[in-house]
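# Summary of structural features
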Amino acid sequence: MPDEIDRAQERTEQDLARAIAAARGDIPPGKPGECDLCGEHSPRLIDGACAPCRDKYKLG
């Protein structure tokens, strides 16, 4: 018979799995190329912008 700690651990694992699945659903696919903003090569551009430029210019 599961005790309170077992139920809490199971609930935590389920919550974590849901959070990871939700976060992964919002990540758009990227493609390699040159950034439209800085001109540097990046292995993963999203809407033509590299990660540093997306952070710098607060692009979604």
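To keep things clear, this report deals only with the structure shown in the data block. (Residues numbered from 1 in each chain as written. Predicted model: local features only at pLDDT ≥ 70, side-chain atom pairs only at ≥ 80, totals over all residues. Heavy atoms only, no water.)

Next up on the list: unusual backbone geometry. The phi torsion at D47 lies on the positive side, around 55 degrees, for a residue other than glycine. Locating D47 in the fold gives a position in the loop between β2 (41-45) and α2 (51-56). The phi dihedral of K58 falls on the positive side, at around 50 degrees, and the residue is not glycine. (Helix = DSSP H or I, 4+ residues; strand = E, 2+ residues; numbered from the N terminus.)

The next point concerns the environment of I27. The residue I27 is located in the loop between α1 (4-25) and β1 (31-34) in this model. The spacing of I27 and L16 is 11 residues in sequence and 17 Å in space, taken between C-alpha atoms.

Once that is clear, we can look at a negative patch on the surface. On the surface, D3, E4, D6, E10 and E13 cluster together into a negatively charged patch. By the secondary structure assignment, E4 is in helix α1. (Patch = residues over 30% accessible without salt bridge, like charges linked within 9 Å, V, L, I, M, F, W, Y side chains within 5 Å. Areas by Shrake-Rupley, 256 points an atom, 1.4 Å probe, with all protein chains shown as cover. Salt bridge = Lys/Arg side-chain N within 4 Å of Asp/Glu carboxyl O. Lys, Arg positive; Asp, Glu negative; His and termini not counted. Charge placed at Lys NZ, Arg CZ, Asp CG, Glu CD.)

What is shown is where atoms sit, not what they do.
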